[in-house]
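Letter by letter, the chains look like this.
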Amino acid sequence: MTTSWEKEAVVFDEIYEGGGLVAKIPLLGPFIQRGIIERQNRALAFLQACGARTILDLGCGVGRLAVAAAQQGVTVYGYDISAPAIAQAQERAQKAGVSDRCHFVTADLLRVDFPQADAWFDLGCLHYLPDPAPVVQKLSHVPHLFSCLPMKGHWLSPVHYLYRTVLRGQKYLEFSETEIRHLLAAYPHLQIEASGMVYYVTTAVAG
Ligand SMILES: C[S@@+](CC[C@H](N)C(=O)[O-])C[C@H]1O[C@@H](n2cnc3c(N)ncnc32)[C@H](O)[C@@H]1O
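Keep in mind that what you see is a predicted model, and the values were worked out from it rather than measured.

1. Overview of the overall build of the chain
Logical step 1: Of the regular secondary structure elements, the chain holds seven helices and seven strands.
Logical step 2: Order of helices (α) and strands (β) in the chain, N terminus to C terminus: α-α-β-α-β-α-β-β-α-β-α-α-β-β.
Logical step 3: Rg of the C-alpha trace for the chain: 16 Å, near the compact-globule value of 17 Å for 207 residues, within the 12% margin.
Logical step 4: Reported as C-alpha extents along the three principal axes, the dimensions of the chain are approximately 40 × 40 × 30 Å.
Logical step 5: Counting the 207 residues in the chain, one finds 37% classified as buried.
Logical step 6: In the chain, of all internal contacts separated by at least 6 residues, the share reaching a separation of at least 24 is 66%.

What follows is the structure in structure tokens.
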């Protein structure tokens, strides 16, 4: 149900600052906020660890990760299906003085031919695709990845479903470790770490 992201992508970003509808939900609001801030921090730590100079940001939203990465000298290709989110990402890059290293594209990932890069980042996008496999297949030339995928069967899954699908109208996928290894079979050296309701998935890096 990707079209619902046209407006939702910008609304989603309010959660980082503790805003939007989600902030009004006791316990769940702060829990979700902490989760996405942790995701961003982990992504930036992995960026440093893998030493990527060019990255792809799948479902880049308003460009939080992309601009933070560009501020570290990294070249970023950011893709999002939401035109308003991409407009905000471009503005953010301009304000931060890193427009020359940020290439934002309004596009459905299914239709993108990805350029050469050192790593791709999926901060909460692939699991919203009806089938992420064709997109992952188009990314197999990229040596490193960082992804964050909802854990199948977590005890909080019903709450996640209530918020995301019942309240926001967005379908999404959940994964077991086996399903993640199957989806990412092009990457034999994966590290998968369970944290809260998600699995953090990265390629192994030296050190
Ligand atoms: C949960 S938000 C995460 C945004 C950002 N990565 C972050 O962590 O702040 C998911 C993002 O994926 C984008 N998205 C969903 N389906 C997409 C698709 N088929 N192609 C491109 N972007 C998509 C949405 O527009 C939205 O910005």
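2. Comments concerning the nonpolar core
Logical step 1: Counting 56 residues, the largest nonpolar core has Ile55, Ala66, Ala70, Ala119, Trp120 and Phe121 as the members making the most contacts within it.
Logical step 2: Residues contacting isoleucine 55, with those up to four places away along its chain left out, are Leu47, Ala69, Val74, Val76, Ala117, Asp118, Ala119, Trp120 and Phe121.

3. Some remarks on helix α4 (residues 83-95)
Logical step 1: Taking 1.5 Å of rise per residue, the 13 residues of α4 would be expected to cover 18 Å, and the 18 Å separating its terminal C-alpha atoms lies within 8% of that figure.
Logical step 2: For α4, the set of buried residues is Ala85, Ile86, Gln88, Ala89, Arg92 and Ala93. One side of α4 holds all its buried residues, which, seen down the axis, span an arc of 160°. Turned more than 90 degrees away from the buried face of α4 sit Ala83, Gln94 and Lys95, all of them exposed.
Logical step 3: Buried positions along α4 lie against α1 (5-13), α3 (64-70), β2 (75-80) and β3 (102-106).

4. Considerations on the site of the ligand
Logical step 1: Near the ligand, the surroundings consist of 22 residues, among which Trp5, Ala9, Gly59, Gly61 and Leu123 are the closest.
Logical step 2: Among the secondary structure elements, those contributing two or more residues to the shell around the ligand are α1 and β2.
Logical step 3: No other element matches the four residues that α1 contributes to the shell around the ligand.
Logical step 4: The residue makeup of the shell around the ligand, split by class, is 13 nonpolar, five polar and four charged.

5. Brief notes about the sheet that holds strand β7 (residues 198-203)
Logical step 1: If you walk across this open sheet you meet the seven strands as β3-β2-β1-β4-β5-β7-β6, and the pairing is mixed. Edge strands, defined here as strands with exactly one partner in the open sheet, are β3 and β6 (190-195). The average angle at which neighbouring strand axes cross in this sheet is 15°, direction not considered.
Logical step 2: As paired strands, β2 and β3 are joined by five bridges and run parallel to one another. Residue tyrosine 79 lies in a different strand from β3, and its bridge partner there is valine 105.

6. Some thoughts on the environment of proline 30
Logical step 1: As for its position among the elements, proline 30 is in helix α2 (residues 28-50).
Logical step 2: Sequence separation between proline 30 and tyrosine 16 is 14 residues; the distance between their C-alpha atoms is 9.7 Å.

7. A few points about the packing of α1 against α4
Logical step 1: At a minimum axis distance of 7 Å, the contact between α1 and α4 shows a crossing angle of 40°. Here α1 lies oblique to α4, going by the angle between them. Together, Lys7, Ala9 and Val10 of α1 and Pro84, Ala85 and Gln88 of α4 make up the contact between the two elements.
Logical step 2: Its residues assigned to classes, the contact of α1 with α4 comprises four nonpolar, one polar and one charged.

Rules behind the numbers
Residues numbered from 1 in each chain as written. Predicted model: local features only at pLDDT ≥ 70, side-chain atom pairs only at ≥ 80, totals over all residues. Helix = DSSP H or I, 4+ residues; strand = E, 2+ residues; numbered from the N terminus. Rg over C-alpha atoms; globule rule 2.2 N^0.38 Å. Buried ≥ 20, exposed ≤ 12 C-beta atoms within 10 Å, placed from the backbone. Contact = placed C-beta atoms within 7 Å. Core = buried A, V, L, I, M, F, W, Y, C linked by C-beta atoms within 7 Å. Expected span 1.5 Å × (residues − 1). Arc of directions from axis to C-beta. Near = placed C-beta within 6 Å. Nonpolar A, V, L, I, M, F, W, Y, C, P; charged D, E, K, R; others polar. Pairing = 2+ DSSP bridges. Axes fitted to C-alpha atoms, helices over the stretch in contact; angles between N-to-C directions. Parallel < 35°, antiparallel > 145°, perpendicular 65-115°, else oblique.

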